[in-house]
Amino acid sequence: MTDPRHGGIAVLDYGSQYTQLIARRVREQGVYAEVFPYNAAPAQINQHEPRGYILSGGPNSVYDPGAPQLSAALQDGHAPVLGICYGMQALTHALGGAVAGSLKREYGSAQITQTLASPLFRDLAHTQTVWMSHGDRIESPPPGFTALAASDNSPYAAIGDTARGLYGVQFHPEVAHTPQGRQLLRNFVFNVCNCAPNWSPGAFIEDAVAAIRARVGGERVLLALSGGVDSAVTGALLQQAIGDQLVAVFVNNGLLRLGEAESVVRIFGAERGMNLVAVDATETFLSALDGITDPEQKRKIIGKAFIDTFAAEARRRDDIAFLAQGTIYPDVIESAASSGQSRVIKSHHNVGGLPDDLHFQLVEPLRDLFKDEVRRVGTELGLPDSIVWRQPFPGPGLAVRCLGAITWERLETLRAADAIFLEVLEREGLLRNATAQSFAVLLPVRSVGVMGDNRTYEEAVALRAVATDDFMTADWVRLPYDLLAEVSRRIVNEVPGVNRVTYDITSKPPGTIEWE
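Residues numbered from 1 in each chain as written. Predicted model: local features only at pLDDT ≥ 70, side-chain atom pairs only at ≥ 80, totals over all residues. Heavy atoms only, no water.

1. Regarding the overall build of the protein chain
- Helix and strand content of the protein chain: 14 helices and 18 strands.
- The C-alpha atoms of the protein chain give 26 Å as radius of gyration, which agrees with the globular expectation for 516 residues (24 Å, within 12%).
- Based on the C-alpha atoms only, the size of the protein chain along its principal axes is roughly 80 × 60 × 40 Å.
- Going through the 516 residues of the protein chain one by one, you find that 55% of them count as buried.
- Considering only residue pairs separated by 6 or more positions, the protein chain has 74% of its internal contacts joining residues 24 or more positions apart.
- In the structure as shown, the protein chain presents an accessible area of about 22,300 Å², 49% of it carried by carbon and sulfur atoms.
- Once the 45 positive and 59 negative side-chain charges of the protein chain are each reduced to a mean point, those two points are 2 Å apart. (Helix = DSSP H or I, 4+ residues; strand = E, 2+ residues; numbered from the N terminus. Rg over C-alpha atoms; globule rule 2.2 N^0.38 Å. Buried < 20%, exposed > 50% of the residue type's maximum accessible area, 1.4 Å probe, protein only. Contact = heavy atoms within 4.5 Å. Areas by Shrake-Rupley, 256 points an atom, 1.4 Å probe, with all protein chains shown as cover. Lys, Arg positive; Asp, Glu negative; His and termini not counted. Charge placed at Lys NZ, Arg CZ, Asp CG, Glu CD.)

2. A few points about the layout of surface pockets
- Within this model, the second largest pocket holds a volume of roughly 610 Å³.
- Surrounding the second largest pocket, 22 residues form its lining, Ser-386, Arg-390, Leu-422, Glu-426 and Leu-431 being those nearest its centre.
- For the lining of the second largest pocket, the secondary-structure elements that each account for two or more residues are helix 7 (260-271), helix 12 (385-388) and helix 13 (408-427).
- Here the lining of the second largest pocket is composed, by residue class, of 6 nonpolar, 7 polar and 9 charged. (1 Å grid on protein atoms, 1.4 Å probe; cavity = no way out; pocket = protein on both sides within 12 Å on 5 of 7 lines; lining within 4 Å. Points joined across faces, edges and corners; volume = space filled by probe spheres on them. Nonpolar A, V, L, I, M, F, W, Y, C, P; charged D, E, K, R; others polar.)

3. Thoughts on the confidence of the model for the protein chain
- When pLDDT is averaged along the protein chain, the result is 90, and 95% of the positions lie at 70 or above.
- The low-confidence segment residues 337-351 (pLDDT under 50) makes 36 contacts with residues lying over four places distant or belonging to another chain. (pLDDT = per-residue confidence, 0-100.)

4. Topic: the nonpolar core
- Membership of the largest hydrophobic core comes to 52 residues, with the highest contact counts inside it found for Leu-463, Leu-479 and Ile-491.
- Counting residues per element, this core draws most heavily on helix 13, at 8 residues.
- With 42 residues, the next largest nonpolar core counts Tyr-32, Trp-199, Leu-246 and Ile-387 among its residues. (Core = buried A, V, L, I, M, F, W, Y, C linked by side-chain atoms within 4.5 Å.)

5. Considerations on the environment of Ser-200
- Topologically, Ser-200 is positioned in the loop between helix 4 (181-192) and helix 5 (201-216).
- The exposure class of Ser-200 is partly exposed, given its relative accessible area of 31%.
- Put simply, Ser-200 and Val-31 are 169 residues apart on the chain and 8.2 Å apart in space, counted from C-alpha to C-alpha.
- There is a polar contact of 3.1 Å between the side chain of Ser-200 and the backbone nitrogen of Ala-203. (Polar contact = N/O pair within 3.5 Å; in protein donor to acceptor, adjacent residues only side chain to side chain.)

6. Notes on helix 11 (residues 371-380)
- Within the span of helix 11, buried status applies to Glu-373, Val-374, Arg-375, Val-377 and Gly-378.
- Buried residues in helix 11 make contact with helix 1 (19-27), helix 5, helix 6 (229-242) and helix 12.
- Taken from the residues just after helix 11, Gly-382 is the one with a positive phi, measuring 90°.

7. Considerations on the pattern of salt bridges
- If you walk through the whole model with that rule in mind, you get 30 salt bridges.
- In this structure, Glu-364 and Arg-367 form a salt bridge, with 2.5 Å as the shortest nitrogen-oxygen distance.
- Salt bridges linked by common partners bring Asp-3, Arg-5, Asp-207 and Asp-368 together as one network. (Salt bridge = Lys/Arg side-chain N within 4 Å of Asp/Glu carboxyl O.)

8. As for the side chain of Glu-516
- If you trace the backbone, Glu-516 turns up in the segment after strand 18 (498-503).
- Separated by 3.3 Å, the side chains of Glu-516 and Lys-298 make a polar contact.
- Discounting chain neighbours no more than four positions away, the residues touching Glu-516 are Thr-293, Pro-295, Lys-298, Arg-299, Ala-399, Val-400, Leu-403 and Gly-404.

9. Here we look at unusual backbone geometry
- A cis amide bond links Lys-508 with the next residue in sequence, Pro-509, at an omega value of -15°.
- Within the secondary structure, Pro-509 is located in the segment after strand 18.
- Residue Pro-510 follows Pro-509 across a cis peptide bond; omega there is 10°.
- The residue Asp-123 is not glycine, and still its phi comes out positive at about 65°.
- Within the secondary structure layout, Asp-123 lies in the loop between strand 5 (98-114) and strand 6 (127-140).
- The phi dihedral of Asn-194 falls on the positive side, at around 55°, and the residue is not glycine.
- The topology assignment puts Asn-194 in the loop between helix 4 and helix 5.
- Overall, the relative accessible area of 54% leaves Asn-194 in the exposed class.

10. A look at the packing of helix 13 against helix 14 (residues 481-494)
- Remark: helix 13 packs on helix 14, axes separated minimally by 10 Å, with the N-to-C direction vectors making an angle of 150°. One finds that helix 13 runs roughly antiparallel with respect to helix 14. Crossing hand, helix 13 versus helix 14: right-handed. Residue-level inspection shows Ala-417, Ile-420, Phe-421, Glu-423, Val-424, Leu-425 and Arg-427 of helix 13 in contact with helix 14, the latter providing Leu-483, Glu-486, Val-487, Arg-490, Ile-491 and Glu-494.
- Partitioned by chemical class, the residues of the contact of helix 13 with helix 14 number 8 nonpolar, no polar and 5 charged. (Axes fitted to C-alpha atoms, helices over the stretch in contact; angles between N-to-C directions. Parallel < 35°, antiparallel > 145°, perpendicular 65-115°, else oblique. Left-handed = near helix turned anticlockwise from the far one by under 90°.)

11. Some points on the sheet that holds strand 14 (residues 361-363)
- Across the sheet, which stays open at both edges, the 5 strands sit in the order 12-11-10-13-14 with parallel pairing between neighbours. The open sheet is flanked by strand 12 (276-280) and strand 14, the only strands paired with a single partner. Ignoring strand direction, the axes of neighbouring strands in this sheet form an average angle of 30°.
- The pairing of strand 10 (residues 220-224) with strand 11 (residues 246-252) spans 4 bridges and is parallel. Bridge assignment links Leu-222 to a residue of strand 11, and that residue is Val-247.
- The strands touched by helix 7 within the sheet are strand 11 and strand 12, with strand 12 carrying the most contacts at an inclination of about 165°. (Pairing = 2+ DSSP bridges.)

Laid out in structure tokens, this is it:
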């Protein structure tokens, strides 16, 4: 069996915030791409025998002391290279060209015009809009390179040595603000590197199943199944690979959305026949949260309660050798901050923090996948859309959407309001296609109202719906007024204890997607 990772693209990270996006854009073409630190060992970078390399952007000036330079893995010139922004400058600097600070920096939209035909720009418009973000520019290209495109400020907006398959672009083709950027990357992947589209959900599943069986053998594997898409797809993949050797533990902490706990047990237990252990720990979690209002305290308490509950179930079994986690590729990249040029965004632990007496080997079958790829694999494995397309849900659950004190009554109020909002969005076709994350928040605020000629003094609900590609930035969705009016009317009429509904119109930044 051919490894679907072989013959793809290696992306070298020079510290750009868009490095992940480069890999995603390549994978969208059906070709595997993996991100490596710019200074990783050649053996590591070349482990999957890439047919080409892409060098990311970065915050440095290549001529400064200590600035990242061209990787040693590329020095022999045996495969095509595409340098993007800083990557173009690193390529130019290493091969004998000149890079210098520009008198006029370029940030934002710009127009470039092709000056010479090339495989990189095949079938692209002669003049096109691109997105720039640089303060340095190419003063003279290396020997053998010619100008392929220019902008008003950059006579070398794109350069190339077509004989050797070496190219550089000063703009960012990976971002949506460069409308023809995906086609340019496609040209590099197929016209220049001659890659084959071997990366598909089916190919991944076949390879992953074989790898799981080889690693696990006849041992049992323990999985914390939350019902979210990552753990669900991990569970489905493991079940296909090893069947009843998988033991999935689902902990109902009482902080889930309406009907969610019952749905997880039904789908994975009754319908899919998974070896599922369902633990109702609602009282444990609510008792631990009693009187707690600080969001960070909530998170810590919930994290500890989950570890204690999961560990207690794990100790009931003495035949478990492996722990499975739904770690995905962005988790790996963000935790590593691998290039040394990027800052650590956040640490990911999943089921980390287990007591020392639980010695498990780790299985992470999704660690090479982006979220959109995880969803496609889930569909290929036959999981229902209600699981595959479930919107992101915070680890602490409704505890960080129920602002203030956590009580069962307030959680039930929030569950009911949230279900109405999601139901209406689903009915109108907006839950999956127009909003990346939508939910209700119960505020620790009471306001005066009038219902049936009587004065009320009840709680308020805030609705939140955002659109985003990467969850690093997000904008609030301009939902139709009539839809918001219907949701507000239904919540006030159908959910006891709520007499006011608001809509959050804050973008990220300055806000965050969640309220806590």
